[in-house]
Amino acid sequence: MILAVETSCDDTCAAVVDDDGRIHANVISSQGIHDAYGGVVPELAARAHAERCDLVVADALRTAGITLDDVTRVAVTRGPGLVGALLVGLQTAKAIAVARGLPLVPVDHLDGHLLACTLRPVAFEPPFVALVASGGHTFLSRVDDPDRIEELGGTLDDAAGEAIDKGARLLGLPYPGGPALEALAAEGDPEAFAFPTGAKVRGLDCSFSGLKTSLLYRIRDLGEAEATARRADLAASYQRAVVETLAVRVERALEQTGLDRLAVGGGVAANGPLRERLGALPAAVAIPDRSLCTDNAAMIAAVARFRPALAPEDVAGLEAYATGQRPPAAASAR
Amino acid sequence: MTDRPVVLGLDTATPATVAAAVAPGARSATRIEVPAAGERPGHTRLLLGLAEDALTAVGAGWGDVGRIVVGLGPGTFTGIRVGVATARALALAHGAGLVGIATPAALAEAAGGPGAPFEGRPVLVVQDARRRELFLTWFPDGVAGGAAVVPWTVPHDGLAAALADLGTPPAVAVGDGALAFRDVLTGAGVEVPEDPASHAVDGAALIRAAAASPVGAPGDVRPLYVRDADAVPTAERR
Ligand SMILES: Nc1ncnc2c1ncn2[C@@H]1O[C@H](COP(=O)(O)OP(=O)(O)O)[C@@H](O)[C@H]1O
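None of the values given here were measured: they were computed from a predicted structure.

Draft legend 1. Up close: the overall build of chain B. Looking only at helices and strands, chain B has 7 helices and 9 strands in total. By the compact-globule yardstick of 18 Å for 238 residues, chain B fits well, its C-alpha radius of gyration being 18 Å. Its C-alpha atoms give chain B principal-axis dimensions of about 50 × 50 × 35 Å. Across the 238 residues of chain B, 53% fall into the buried class. Counting only contacts in chain B whose residues sit at least 6 apart along the sequence, the fraction spanning at least 24 positions is 63%.

Encoded structure:
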């Protein structure tokens, strides 16, 4: 049994997964304190992790109906993420591994999003193209094997979820904007306004900053009264542009790699129109349950099945890496 | 608990990484790593290794630990979280009892606890709080007073006024802030020990300072931040 811990952002997560990829517990303790701040406050996130990380681990063991005696490996997110937040989970996992003499497997958070779909019951097997779109990350990778992952493209500016949240804010919706924007968009016409999708920009990278600016100008041009009256149309058209921006790159990636299998992960995968659009592609499409798309520890255990444990003498000294400090070793392992 | 007689102490509130183990028969081992000038604290990298060293030195293993004492701060936010998260997970790993104690209580214990040079006298702990401030913790009746330890912050240039406000003058001041503001303190008649070790957290003193503290629920063992996080809700901005 693998016990996994993930605290890279604002969810305190622990999971128990067996070596066949069956999930026995996937506990996600959402902090619910950041919404009032319009985004994650790193210090508050770290504080909340420190108050509950061990309790969440105990909860995962209880839910799985096991004790630490049944655990054979400990897995933990090493990065990238908020370093103060990461350290809480890292110390928790290290302490359990050291004190119990268990192997520790450090895992890259982004690999977790890429391989979440390998867990049962989806059990989607490589090779596949994977799209990960969340509040913090947006990228496309080619997964030939759990150990052979190549990044195909990323975002030049904002992540897709960030673009959604910023657009939602411009439309006066609360943070996080995803679900509210989707609900409002359902009442609008996605063809009402033409927002840029960069369809003519070649390659597999996306960019969302122009889209956001374009919404801002459109609202300004319409004037307050008209913009308010047409909020649903604006939301629907904006959402359509985000979905198209992603879908066009996914289509190209499938074509370029010759693969006909697609996995989708990250919080934006909850979006109905995106699921519909990608589901209509001529490919086998795997989108795991929402609890496996947003941050979770089961996906960290999923990766640990395929990664070596640290040498025992290296466990106590293991350090985290923040966003932007990903060591070459982690990048080349992908 | 007699089958698990070893007590482990951990503190990461100051730049030093501190671990100590005490076993029956007065066997004890303390480990401390202080970062070199200009270097960052090595709490994450060092804490578990030092703890394991200390345990080995008293002939014990992780499974022999029945009680874990952790310094709660104040100190750097990240530092105290590393200590608390580690201690709580270690307690979970083998079902050991967990006790959290304010870090200044360990400094005060070493200066004014039983058998210490200032036994029974009033102790002021002065810690560097960065941002041109100090954390002060006041033990007016000595460490045996049992009064709740409530650290507070004063700006650097407010130390003299804070001393005057105490009522009773401290006999001694310890902590890295006491070293840095030796002149202000000695000018007010407060003794500041020469020995640098008096101003560093001693793991064995941490364990002694918590000797009478009951084991708490792990969820109640939380960092002592003293300061709020800098964050303003959207609704209160501009
Ligand atoms: N139904 C939805 N439609 C579009 N975006 C969504 C939806 N639900 C959530 N999101 C977006 O997903 C992001 C959160 O995803 P998550 O994986 O938790 O990201 P992170 O942890 O990187 O912030 C947010 O930006 C949110 O607005």
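Draft legend 2. Expanded view of the domain arrangement of chain A. All names here are of chain A. Examined at the domain level, chain A breaks down into domain 1 (2-115 + 295-330) and domain 2 (124-287). Of note, the centres of domain 1 and domain 2, computed from C-alpha atoms alone, are 28 Å apart. Opposite the 12 residues of domain 1 that make contact, domain 2 presents 14 residues. Summed over both sides, the interface between domain 1 and domain 2 buries roughly 1200 Å², with carbon and sulfur atoms accounting for 69% of that surface. A per-residue breakdown of the area domain 1 buries against domain 2 is headed by Leu110, His113 and Leu114, which together make up 45% of the total. For the interface between domain 1 and domain 2, the tally reads 1 salt bridge. Between Arg307 and Asp147 there is a salt bridge, with its nearest N and O atoms 2.8 Å apart.

Draft legend 3. Layout of the interface of chain B and chain A. Each side of the interface is counted separately: chain B has 31 residues, and chain A has 32 residues. When chain B packs against chain A, close to 2700 Å² is buried across both sides, 64% of that on carbon and sulfur atoms. Applying the counting rule to chain B against chain A returns 4 salt bridges. Salt-bridge contacts for Arg222(B) lead to Glu51(A); the nearest nitrogen and oxygen are separated by 3.5 Å.

Draft legend 4. Summary view of the pairing of strand E6 (residues 128-133) of chain A. Residues and elements named next belong to chain A. The buried fraction of E6 amounts to 6 of the 6 residues, a majority that puts the element mostly inside the structure. As judged from the 6 bridges shared by E6 and strand E7 (residues 138-145), these two strands associate in the antiparallel manner. Paired with Ala130 across the two strands is Ser141, which belongs to E7. Counting the residues between successive antiparallel strands, the hairpin from E6 to E7 contains 4 residues. Where E6 and strand E9 (residues 261-265) come together, 4 bridges link them in parallel fashion. Bridge pairing links Val129 to Leu262 in E9.

How each quantity is defined
Residues numbered from 1 in each chain as written. Chains lettered and ligands numbered in written order. Predicted model: local features only at pLDDT ≥ 70, side-chain atom pairs only at ≥ 80, totals over all residues. Heavy atoms only, no water. Helix = DSSP H or I, 4+ residues; strand = E, 2+ residues; numbered from the N terminus. Rg over C-alpha atoms; globule rule 2.2 N^0.38 Å. Buried < 20%, exposed > 50% of the residue type's maximum accessible area, 1.4 Å probe, protein only. Contact = heavy atoms within 4.5 Å. Domains from an automatic or database assignment. Buried area = accessible area lost by both parts, 1.4 Å probe. Salt bridge = Lys/Arg side-chain N within 4 Å of Asp/Glu carboxyl O. Pairing = 2+ DSSP bridges.

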